[in-house]
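Below, each chain spelled out in residue letters.
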Amino acid sequence: MSTLPQSPRALVIDDDPDFIQLITVALKTLGIAVDAYQEVEPFLLHLKDHRPTFCLIDLHIGEVAVGFSVVKSIREVLGNEIPLIIASATTDPQAIAHAMELGADDYLTKPIHFSLLAAKMKNYISSRKIAALQPPFMTVPQSECSVGIELEVKILAIDELGVTLGSRHLLRKGLEIELACPEAKEYFGRDHISVRVASNSLDVSVEVNAAGDTIETSGYRTYCAYDPDDEKLFDDVRKWLAKKTG
Amino acid sequence: MITETTPQIILIIDDDPDARMILSRLLGREGVKVLEAESVKEGIEQAEKSPPQLVLLDLHMPEEDGLSFLRRRHAIPVLAPVPFIIISALSDSDSIHQAIALGAVDYIIKPYRSQILAAKIKKAFKEKTFGTHEFNPASLPVAKIKVRGEIRLISEACLTLQSPAKIAAETKIEIDGAYLKKLGMDQPSFQTLANPPLYTGEVREYLSQVNFVGLTEINRQKISKLMGNKP
């Protein structure tokens, strides 16, 4: 039977013993106890019997990027129960976006800034407490639960095969979305277009403000492809692009 | 297919209808959309309706010849970035040299072998003929996107939304659906909470908690009444 921690507890997997020592000290100063493993099997066995407050997962164990499959496995077995945070030296935005698409909740780039770590840990611990205080909920009948959700994004670029969007939302690959904007008639020859998400990459910038706090700003660049059967759309976009570059 | 990108449009400008027919059949077999023009003037009209990604141009034509057109094509926006391949019976080195000097990417002498034509077209094709327009970061156009979702749970204060989009925390969003209309919430506004969305592994979607903003007392009463059927 799995046991829930009374006080915050992190489960870490990383093959670097120096990093494990560092993160253990850092998290202890935040009042978070640490269980750490350098190999996947004992890590997963621990998870079978214990429920940490969150997991911190290195993307690369040895030479292999097993972090992706660890995230995927945990989500398949345990669902959304535990926040999963990736800690990795890679800054490849597509690798980061892929980890998020597989179910990771957050990403920390090594070397980790302590104040950023502290801010994120505070958020994950408080979200568990808030979840326990929610008012009673009612399930919505399956036949009536469908909705349309409208989100705001920015258009970063337009090319003749698709459009690049910028936002803080992660749009899953393959997702079909309807895009509208006041200038749509000018760009696309119509008020709105249907596109399909083709790829994501993460844009992260870290800066220190005047007060010495580390502020992380992150967003996603999402490339969305036009409907390949919509010949008129391709004609209109090419005409607009030709005018822009001509 | 000549390339992986779709759709592929090639414009043939040749006053010889037989030459156009042969090319058109050949390209049609490769899955390409073909536009035909018997003169430069007609070619420009076709291009302005459906900008092509490649032009196959004959040199010797009565009204305006190919070399003259090559000289001025950069002034036509829909043709300026497009690669031109000359297909001509003229095999003299002067014609070839002039065409290449005026920017043609290749020169094919009639009669040609279809495999050579296909190879040269494939080589000349650019995935993005018309390039990419990047907007100024200081003034990016704002757009709205609509994605589907499902309301999983609802209470008097908030609802839990499942969606294939991981909606950012502390974001204003709009939601519409029959169930909300039933609650009299025709034009509600919503705000996602500060907590990041959770991931549902089995269906690869995200759960977000969303606060109601500006809910009326009538709406609350309707939800409360419905909550007589708690889970």
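Reading the values: rules and limits
Residues numbered from 1 in each chain as written. Chains lettered and ligands numbered in written order. Predicted model: local features only at pLDDT ≥ 70, side-chain atom pairs only at ≥ 80, totals over all residues. Heavy atoms only, no water. Helix = DSSP H or I, 4+ residues; strand = E, 2+ residues; numbered from the N terminus. Buried < 20%, exposed > 50% of the residue type's maximum accessible area, 1.4 Å probe, protein only. Contact = heavy atoms within 4.5 Å. Areas by Shrake-Rupley, 256 points an atom, 1.4 Å probe, with all protein chains shown as cover. Expected span 1.5 Å × (residues − 1). Arc of directions from axis to C-beta. Buried area = accessible area lost by both parts, 1.4 Å probe. Salt bridge = Lys/Arg side-chain N within 4 Å of Asp/Glu carboxyl O. Polar contact = N/O pair within 3.5 Å; in protein donor to acceptor, adjacent residues only side chain to side chain. Phe/Tyr/Trp six-rings, centres within 6.5 Å; stacked < 30°, edge-to-face > 60°. Lys NZ or Arg CZ within 6 Å of the ring centre and 35° of its normal. Axes fitted to C-alpha atoms, helices over the stretch in contact; angles between N-to-C directions. Parallel < 35°, antiparallel > 145°, perpendicular 65-115°, else oblique. Left-handed = near helix turned anticlockwise from the far one by under 90°. Nonpolar A, V, L, I, M, F, W, Y, C, P; charged D, E, K, R; others polar. Pairing = 2+ DSSP bridges. Right-handed = clockwise from strand over helix to strand, strands pointing away.

(A) Expanded view of the overall build of chain B. Regarding its fold elements, chain B presents seven helices and 13 strands. For chain B, the proportion of its 231 residues judged to be buried stands at 49%. Taking the contacts inside chain B whose residues are at least 6 apart along the sequence as the reference set, 59% of them involve residues at least 24 apart. As presented, chain B carries roughly 11,100 Å² of accessible surface, and 51% of it is formed by carbon and sulfur atoms.

(B) Expanded view of helix α3 (residues 67-78) of chain A. All names here are of chain A. Taking 1.5 Å of rise per residue, the twelve residues of α3 would be expected to cover 16 Å, and the 16 Å separating its terminal C-alpha atoms lies within 8% of that figure. Residues of α3 that are buried include every one of Gly67, Phe68, Val70, Val71, Ile74, Arg75 and Leu78, and no others. All buried residues of α3 project into a common sector of 165° when viewed along the axis, lining one side. Along α3, the residues that are exposed and aim more than 90 degrees away from the buried face are Glu76 and Val77.

(C) Highlighting the interface of chain B and chain A. Across the contact, 78 residues belong to chain B and 68 residues belong to chain A. Across the interface of chain B and chain A, roughly 6,800 Å² is buried in total on both sides, 58% from carbon and sulfur atoms. Put simply, chain B and chain A have five salt bridges between them. For A:Glu150, the salt bridge identified is with B:Lys144, shortest N-O distance 4.0 Å. For the pair chain B and chain A, the interface holds 26 residue pairs in polar contact (both at pLDDT 80 or more).

(D) Layout of the packing of aromatic side chains. The final tally for this structure, using the stated rule, is eight aromatic pairs over all chains. Taken together, a centroid distance of 5.4 Å and an interplanar angle of 50° make the contact between A:Tyr187 and B:Phe135 tilted. Pair noted here: A:Tyr187 is in helix α6 (residues 184-188) and B:Phe135 is in the loop between β6 (132-134) and β7 (142-154), and the two residues belong to different chains. A single burial state applies to A:Tyr187 and to B:Phe135, both of which are buried. Judged by centre distance (6.3 Å) and plane angle (70°), the rings of A:Phe188 and A:Tyr226 are edge-to-face. Of the two residues, A:Phe188 is situated in helix α6 and A:Tyr226 in strand β12 (residues 214-226); the sequence distance between them amounts to 38 residues. Under the relative-accessibility criterion, A:Phe188 is labelled buried at 1%. Grouping aromatic residues by their ring pairs yields a cluster made of A:Tyr187, A:Phe188, A:Tyr226, A:Phe234, A:Trp240 and B:Phe135. Lying across the ring of A:Phe19, A:Lys110 places its NZ or CZ 4.2 Å from the centre. B:Arg73 extends its terminal NZ or CZ atom over the ring of B:Phe84, reaching a point 4.7 Å from the ring centre.

(E) How the structure looks around the packing of helix α2 (residues 40-49) of chain A against α3(A). Residue and element names in this part refer to chain A. Where α2 meets α3, the axes come as close as 12 Å, and the angle between the chain directions of the two elements is 20°. Our classification of the angle between α2 and α3 gives roughly parallel. Once α2 is placed against α3, the crossing between them reads as right-handed. Every residue of α3 that contacts α2 at Val40, Phe43, Leu44 and Leu47 is listed here: Val70, Ile74 and Leu78. Among the residues making up the contact of α2 with α3, the classes are represented as seven nonpolar, no polar and no charged.

(F) Seen up close, the pairing of strand β2 (residues 33-37) of chain A. Residues and elements named next belong to chain A. With five bridges joining them, strand β1 (residues 9-13) and β2 adopt parallel strand pairing. In the strand pairing of β2, Ile13 is matched with Tyr37. Handedness of the crossover is the feature at issue here: the chain leaves β1, passes through helix α1 (residues 17-29), returns alongside β2, and the resulting connection is right-handed.

(G) Region of the structure containing the pattern of salt bridges. Counted under the stated rule, the structure contains 24 salt bridges over all chains. In this structure, A:Arg238 engages A:Glu160 in a salt bridge whose closest nitrogen and oxygen atoms are separated by 2.9 Å. Of this pair, A:Arg238 sits in helix α7 (residues 231-245) while A:Glu160 sits in the loop between β7 (146-159) and β8 (162-167), placing them 78 residues apart in sequence. Residue A:Glu160 is classed as buried on the basis of its relative accessible area, which comes to 0%. Residue B:Lys120 is joined to B:Asp106 by a salt bridge in which the shortest nitrogen-to-oxygen separation is 3.1 Å.

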